[in-house]
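The primary structure of each chain is shown beneath.
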Amino acid sequence: VQRPFYPEGALCHCYLLHPPGGVVGGDRLEIDVRVAAGAAALITSPGATKFYASAGEQARQEQLLRVAAGASLEWLPQENIFFPAALARVQTRVELEPGARFIGWDCQCLGRPVIGERFSVGQLDLGWQIHRGGRPLLLERLRIDPERLDGAAGLRGEPVTATLLATPAGQAELEQVRALVEVGASVGVTLLDDLLVLRYLGDSTEQCRRLFVQAWARLRPSVIGHEPCPPRIWAT
């Protein structure tokens with residue numbers, strides 16, 4: 001964890017680093033974040049996390065994010081890149097106390113589409129869970145098998161899939177984000193009670209990131225209570 005920064009007063013900007021630059025079969029990473037009552041934090045990463053080909057063992061990354069009453073957390077890591085033959089399990093669980101605020105995203109890139117590389121072999125098990133006061137708001141699991149990527153009920157052959165979540169949100173926030181969606185794009189946004197869910201399916205991590213940063217900037221004032229202040233590492 002790098003030294004924290006405070007570019008906007010008491011709200012902490014924290015960067016998570018992984019020195020080897022990648023995750024291999026047999027690795028197990030556990031990230032445990034706790035935001036105390038009344039505190040505020042934004043957590044991001046300096047670059048993509050790379051999951052390399054495995055010789056047979058599964059790589060695991062488990063993230064537990066706990067946000068106390070009156071606190072806020074922005075969980076904004078850069079994308080995961082899964083190389084062909086990766087065997088990986090990535091799970092994120094968010095536990096919010098009543099009155100907690102949260103914006104978070106994840107972006108999964110299968111292979112390296114910029115060089116025409118497909119995720120032609122491997123297995124991925126990806127999950128999101130978000131609870132408030134012990135009550136589930138969203139329980140999601142995506143199991144990726146290359147043989148089933150191209151179907152209409154799957155990922156339609158697209159290599160990049162991503163989700164942004166924000167709570168508490170309402171109709172005004174929904175309309176703000178919907179205004180960003182281009183006609184014909186494989187993007188959906190909906191409201192589940194007070195949880196806003198934005199999804200992207202496409203072939204470009206840059207396009208996805210641009211959309212998500214714009215959505216974050218629109219949502220941040222009402223959901224987190226701060227004007228947009230992009231982490232400076234995003235510009236490097």
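Residues numbered from 1 in each chain as written. Predicted model: local features only at pLDDT ≥ 70, side-chain atom pairs only at ≥ 80, totals over all residues. Heavy atoms only, no water.

Participant: Can you lay out the overall build of the protein chain for me, pointing to particular residues and giving the numbers?
Facilitator: Secondary structure assignment for the protein chain yields two helices and 15 strands. The globule rule puts the C-alpha radius of gyration for 236 residues at 18 Å, and the 17 Å found for the protein chain is close to it. For the protein chain, the spread of C-alpha atoms along the principal axes amounts to about 45 × 40 × 35 Å. In the protein chain, buried positions account for 47% of the 236 residues. For the protein chain, restricting intrachain contacts to residue pairs at least 6 apart in sequence, the fraction spanning at least 24 positions comes to 77%. Just so you have it, the protein chain exposes about 11300 Å², and 51% of that area is on carbon and sulfur atoms. Computed over 24 positive and 26 negative side-chain charges, the separation of the two mean positions in the protein chain equals 2 Å. (Helix = DSSP H or I, 4+ residues; strand = E, 2+ residues; numbered from the N terminus. Rg over C-alpha atoms; globule rule 2.2 N^0.38 Å. Buried < 20%, exposed > 50% of the residue type's maximum accessible area, 1.4 Å probe, protein only. Contact = heavy atoms within 4.5 Å. Areas by Shrake-Rupley, 256 points an atom, 1.4 Å probe, with all protein chains shown as cover. Lys, Arg positive; Asp, Glu negative; His and termini not counted. Charge placed at Lys NZ, Arg CZ, Asp CG, Glu CD.)

Participant: Let's hear about helix α1 (residues 171-178): which residues, and what values?
Facilitator: Within the span of α1, buried status applies to Glu-173, Leu-174 and Val-177. Take α1 and look down its axis: the buried residues cluster within an arc of 105°, on one side only. In this fold, the buried residues of α1 make contact with β14 (187-192), β15 (195-202) and α2 (205-223). (Arc of directions from axis to C-beta.)

Participant: Tell me about the packing of aromatic side chains, residues and numbers included.
Facilitator: All chains considered together, the criterion is met by six aromatic pairs. Both rings, one in Phe-5 and one in Tyr-15, keep their centres 5.3 Å apart while their planes meet at 40°; by these two values the pair is tilted. Note that Phe-5 is positioned in strand β1 (residues 5-8) and Tyr-15 in strand β2 (residues 11-15), a separation of 10 residues in sequence. Taken individually, Phe-5 and Tyr-15 each receive the classification buried, so the pair is uniform in this respect. Ring centres of Phe-51 and Phe-82 lie 4.8 Å apart, and the angle between their planes is 25°; on these two criteria the pair is classed as stacked. Taken together, the positions of Phe-51 in strand β5 (residues 49-51) and Phe-82 in strand β8 (residues 80-82) put the pair 31 residues apart, joining distant regions of the chain. Residues Phe-51 and Phe-82 agree in their burial class; the two are buried. Counting every residue linked through ring pairs, the aromatic cluster contains Trp-105, Phe-212, Trp-216 and Trp-234. The ring of Trp-234 carries the charged tip of Arg-209 above its face, separated from the ring centre by 4.8 Å. (Phe/Tyr/Trp six-rings, centres within 6.5 Å; stacked < 30°, edge-to-face > 60°. Lys NZ or Arg CZ within 6 Å of the ring centre and 35° of its normal.)

Participant: Provide a residue-level description of the nonpolar core, including the pertinent values.
Facilitator: Of all hydrophobic cores here, the largest spans 35 residues; its most connected members are Ile-103, Leu-164, Leu-196, Leu-198, Tyr-200, Phe-212 and Leu-219. Sorting the residues of this core by element identifies β2, β4 (40-44), β10 (101-110), β13 (160-167), α1, β14, β15 and α2 as the ones contributing at least two each. Among the elements that take part in this core, α2 stands out by supplying seven residues, more than any other. Contact partners of Leu-198, with chain neighbours within four places excluded, come to Ala-162, Thr-163, Leu-164, Val-177, Val-187, Gly-188, Val-189, Leu-211, Phe-212 and Ala-215. Of all hydrophobic cores here, the second largest spans 22 residues; its members include Ala-71, Leu-73, Leu-165 and Leu-195. (Core = buried A, V, L, I, M, F, W, Y, C linked by side-chain atoms within 4.5 Å.)

Participant: Give a detailed account of the layout of surface pockets, specifying residues and quantitative values.
Facilitator: Each pocket or cavity is described by its volume, and for the largest pocket that value is around 580 Å³. Residue lining of the largest pocket: 35 residues in total, with Leu-16, Ile-31, Ser-45, Thr-49 and Gln-61 positioned closest to the centre. Breaking the lining of the largest pocket down by element, the ones donating at least two residues are β3 (28-35), β4, β5, β6 (59-67), β9 (87-96), β10 and β11 (123-132). Of the residues assigned to the lining of the largest pocket, the class counts are 17 nonpolar, 14 polar and four charged. (1 Å grid on protein atoms, 1.4 Å probe; cavity = no way out; pocket = protein on both sides within 12 Å on 5 of 7 lines; lining within 4 Å. Points joined across faces, edges and corners; volume = space filled by probe spheres on them. Nonpolar A, V, L, I, M, F, W, Y, C, P; charged D, E, K, R; others polar.)

Participant: Lay out the pairing of strand β7 (residues 72-76) in plain terms, naming residues and giving numbers.
Facilitator: Among the five residues of β7, five are classified as buried, and the element is accordingly described as predominantly covered. Neither face of β7 is exposed, since Ser-72, Glu-74 and Leu-76 on one face and Leu-73 and Trp-75 on the opposite face are all buried. Looking at chain direction, β4 and β7 are connected through five bridges and run parallel. Note that in β7 the partner of Ile-43 across the bridge is Trp-75. (Pairing = 2+ DSSP bridges.)

Participant: Go over the environment of Thr-205 with me, naming the residues and quoting the values.
Facilitator: Relative to the assigned elements, Thr-205 resides in helix α2. Taking C-alpha positions, Thr-205 is 20 Å from Gln-91, a pair spaced 114 residues apart along the chain. Aside from chain neighbours lying at most four places away, what touches Thr-205 is Glu-79, Cys-107, Cys-109 and Val-160.

Participant: Can you explain the side chain of Ser-45? Please cite residues and give values.
Facilitator: Turning to its location among the elements, Ser-45 is positioned in the loop between β4 and β5. What Ser-45 contacts, discounting residues up to four positions off in sequence, is Leu-16, Leu-76, Pro-77, Gln-78 and Ile-233.

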